[in-house]
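# Examination of the molecular architecture
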Amino acid sequence: MTRSASGSLPQYVLQRVLLVIPMIWVILTLVFVVLRVAPGDPVSAALGGRLNAEALEQRREALGLNEPLIHQYWDYLSSVFRLDFGTTFSDNQPVLHVIRDNGGATLSLTLASFVVALVVGIPLGMVAGRYRDSVGDVVIRLFGILSYAAPIFFIGFLLQVYVAQPLGLPTSGMASPITVFTVQPVTHILLIDVFLSGDATAIGDVLEHLLLPALTLGLLICGVFIRLVRVNILQTTQADYVEAAEARGISRGRVTRKHAFRNALVPVITVIGLQFALLLGGAVLTESTFNWPGLGQKLVEYINDRDYGAVQGIITIFAVAVVLISLLVDIVNALVDPRVRY
Amino acid sequence: MELVDEVSGNRQPEPVISARDVRVWYGTTRGAIRAVDGVSFDLMPGETLGLVGESGCGKSTLGRGLMGLLPTGAKRDGEVVFKGRDVFSMSAKEAYALRGHELGMIFQEPLTRLNPLMRISEHFEETIRQHEPRLPRAEVQQRAFEVLRVMGIPPTRYRSYPHEFSGGMRQRLMIALALVLRPAFVVADEPTTALDVLVEAQIVGILNDLRRTFDTSLLLITHNVGIVAEACDRVAVMYAGRIVEQGAVADVLGNPQHPYTRELLRSTISLSTTGLEFIPGSPPDLVDPPAGCRFHPRCPDAMQVCAVKDPVDVERPGGGRVECWLRGPEDLVPEGGTRPLKQEELTVADEA
């Protein structure tokens, strides 16, 4: 290993960013091939039986499905490059708008539930690991298992009945109709737009609507973080470098913070990335429990309608998003852990 | 500044550290494991004491016990006087202040002893700042550079991360970290076991120079008699939680008085070794050690008295102490006690 290794962070990041290009290309090709290999063609699958053969043929032509595969492939790649993800068949909307509106809702929910999961999960995991086998540890472990194992619609239902009802919190949708009506769509992500508008009642309304869905989904994923952080803390508090730091007389608080906790949190970054990518696909159960207009629910609708246009566009964007998240995770990892930047 | 005086000058005759009847035991479901059972020794300023013995004889536990780094569930007892203060009876806060500053430790596995997320510079800054919080930054760095230079590590590597160093370099970093605050007493727990022989020679050389460069007293824990011969002034031989013989290195290695020391030396491999010598049997169970001398079941010279009465600590002919009935005192041996002990046949299970 050379001396320049610790200084090569920019080089590592550049390398990693350049790698994204072939990764996205491979993924796009896979999406294209998988959708073409599937038996039947999109048009007859979606509309067969409802239109006559001539009309179906017309549709196919309009979608370019009569072209040779290589042409279709080229069209697909170049349109993705122009950020044109096609239109949905069933309701004839640009896929980009679906992603923007419903994806924005999903993104807001995902981010908020991650805040819940991390704020609850990491400290609880740390306490459980630090005070292993204490009453607190046992209670936290039990809570972790319960929150992970409990069916989401059940938790959501309990929250609706026992929390929302007495407190008068909303249990459905992203905001009251009046808020949706008054807030100017700038980014089309309501959570951001409402803050841009600076309207205090509207902000309150949106956050109220966000609270319970975020809590439901956040508690579900926080179980993973509790257990992960706990196990890591158990390992790092026994680590050789922790004992060595104690032998140098470093104060207990600093040993715990700087040596044990910091090292324990490195693997958490990777898991955050994985979970985040998973949730971007939409948390269908949470969304339907709280009538949240997210991507998960929308995707289920399109799949039921056999809307290949929508499915292809949405999958394409997912794939790109997952690649970008893994890029982000790698960069954060490299920032935190110097051993990653080989 | 008082440190300088100590270094330059008049060596006081009183020991830096003085251990009396130190005991360490681990609680288990089978009962207490008496890992260290009544150990006493003195260490003079700048002196190196080698502590040798088989694996599991309690030598590492003794080193950790002195540092106060025992795992939870371990208990210690006895008296360890360091510069006039009893280390074992001081508060946790006092003990923390002493560790690193006055008592240092070097470990066996250099590869895992540095925090992988922290630069070498951060390790040094953290250590120095902990004990001298008001030291200016430039001074901190200068102190670190000084000790790194002694260890042969160029200052250009100061901002590197642990994974960018080889094993031997990391052990030198650990030594530098242990010495940067000039502790009066350092425990080195098998510092070369994880390293290859060339690096081992280098580290032994560095440890050998310590008393000249830093005037540090060293407790060098090892199972390698060769290192003791090379780097130590005195040696203590440990068996089953007790020091059975201690004295000047040349005396003990040249003229061992305890049968265990003799057998241990005989089993050392050298260039002239033609066959493997070993001591039959294995170290005793420390929950329920044998009565009398703990070595008697494996001792080729065991007498009747050895199986019934604890041996008494007597003066060695060449200076130092030894615990063996062969060396007396004769007036304590009961009638007929010097008859040879009939050893039970070692079963295969015992050997295993």
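Worth saying up front: this structure is predicted, and the values here are computed from it rather than measured.

What follows deals with the environment of C222(A). Residues and elements named next belong to chain A. Secondary-structure assignment places C222 in helix α10 (residues 200-237). A residue is classified by how much of its surface remains accessible, and C222, at 0% relative accessible area, is buried. Linking C222 and F261, residues 39 residues apart in sequence, is a C-alpha distance of 18 Å. Every residue in contact with C222, bar those within four places of it in the chain, is listed here: A117, V120, G121, F143 and S147.

Here we take up the interface of chain A and chain B. Tallying the contact residues gives 27 residues for chain A and 31 residues for chain B. Between the two partners, chain A and chain B, sit five salt bridges. For E126(B), the salt bridge identified is with R248(A), shortest N-O distance 3.5 Å. Summed over the shared surface of chain A and chain B, the number is 18 residue pairs in polar contact (both at pLDDT 80 or more). Secondary structure elements with two or more residues in the side of chain A that touches chain B: α11 (240-247) and α12 (252-280) of chain A. Ranked by the residues each element gives to the side of chain A that touches chain B, the list is headed by α12(A), at seven residues. Here the side of chain A that touches chain B is built from residues that sort into nine nonpolar, six polar and twelve charged.

With that settled, the discussion passes to the UniProt feature "domain: ABC transporter" (unreviewed entry) in chain B. Under the local residue numbering, the UniProt record ascribes the feature "domain: ABC transporter" (unreviewed entry) to residues 19-265 of chain B. Secondary structure across residues 19-265 of chain B divides into 37% helix and 27% strand, with the first and last C-alpha atoms of the span separated by 26 Å.

This brings us to the packing of aromatic side chains. Residues and elements named next belong to chain B. For the structure shown, the criterion picks out nine aromatic pairs over all chains. Relative to Y158, the ring of F124 has its centre 6.2 Å away and its plane inclined at 40°; by these criteria the two rings are tilted. With F124 in helix α4 (residues 120-131) and Y158 in the loop between α5 (137-150) and α6 (167-179), this pair connects stretches of sequence that are 34 residues apart. Since its relative accessible area comes to 0%, F124 is described here as buried. When its relative accessible area of 3% is taken as the criterion, Y158 is described as buried.

For N291(A), which is not glycine, the phi dihedral falls at a positive 55°. Looking at the secondary structure, you find N291(A) in the loop between α13 (284-289) and α14 (295-304). Unusually for a residue other than glycine, K83(B) sits at a positive phi of about 50°. If you trace the backbone, K83(B) turns up in the loop between β4 (74-82) and β5 (85-86).

Moving on, we come to a nonpolar patch on the surface. All names here are of chain A. On the surface, F153, F154, F157, L158, V161, Y162 and L285 cluster together to form a nonpolar patch covering roughly 700 Å² of accessible area. Ranked by residues supplied to the nonpolar patch, first place goes to helix α7 (residues 152-167) with six residues. Within the element layout of this structure, F154 appears in helix α7.

Within the fold, R64(B) resides in helix α2 (residues 59-67). On the basis of relative accessible area, R64(B) is assigned to the buried category, the value being 18%. Among residues more than four places away in sequence, those in contact with R64(B) are E243(A), L69(B), L70(B), M105(B), F107(B), R113(B) and D189(B). Only 2.5 Å separates the side chain of R64(B) from the side chain of E243(A), close enough to count as a polar contact.

The rules behind the values
- Residues numbered from 1 in each chain as written.
- Chains lettered and ligands numbered in written order.
- Predicted model: local features only at pLDDT ≥ 70, side-chain atom pairs only at ≥ 80, totals over all residues.
- Heavy atoms only, no water.
- Helix = DSSP H or I, 4+ residues; strand = E, 2+ residues; numbered from the N terminus.
- Buried < 20%, exposed > 50% of the residue type's maximum accessible area, 1.4 Å probe, protein only.
- Contact = heavy atoms within 4.5 Å.
- Salt bridge = Lys/Arg side-chain N within 4 Å of Asp/Glu carboxyl O.
- Polar contact = N/O pair within 3.5 Å; in protein donor to acceptor, adjacent residues only side chain to side chain.
- Nonpolar A, V, L, I, M, F, W, Y, C, P; charged D, E, K, R; others polar.
- UniProt positions renumbered as here; feature names shortened; annotations may be inferred.
- Phe/Tyr/Trp six-rings, centres within 6.5 Å; stacked < 30°, edge-to-face > 60°.
- Patch = residues over 30% accessible without salt bridge, like charges linked within 9 Å, V, L, I, M, F, W, Y side chains within 5 Å.
- Areas by Shrake-Rupley, 256 points an atom, 1.4 Å probe, with all protein chains shown as cover.

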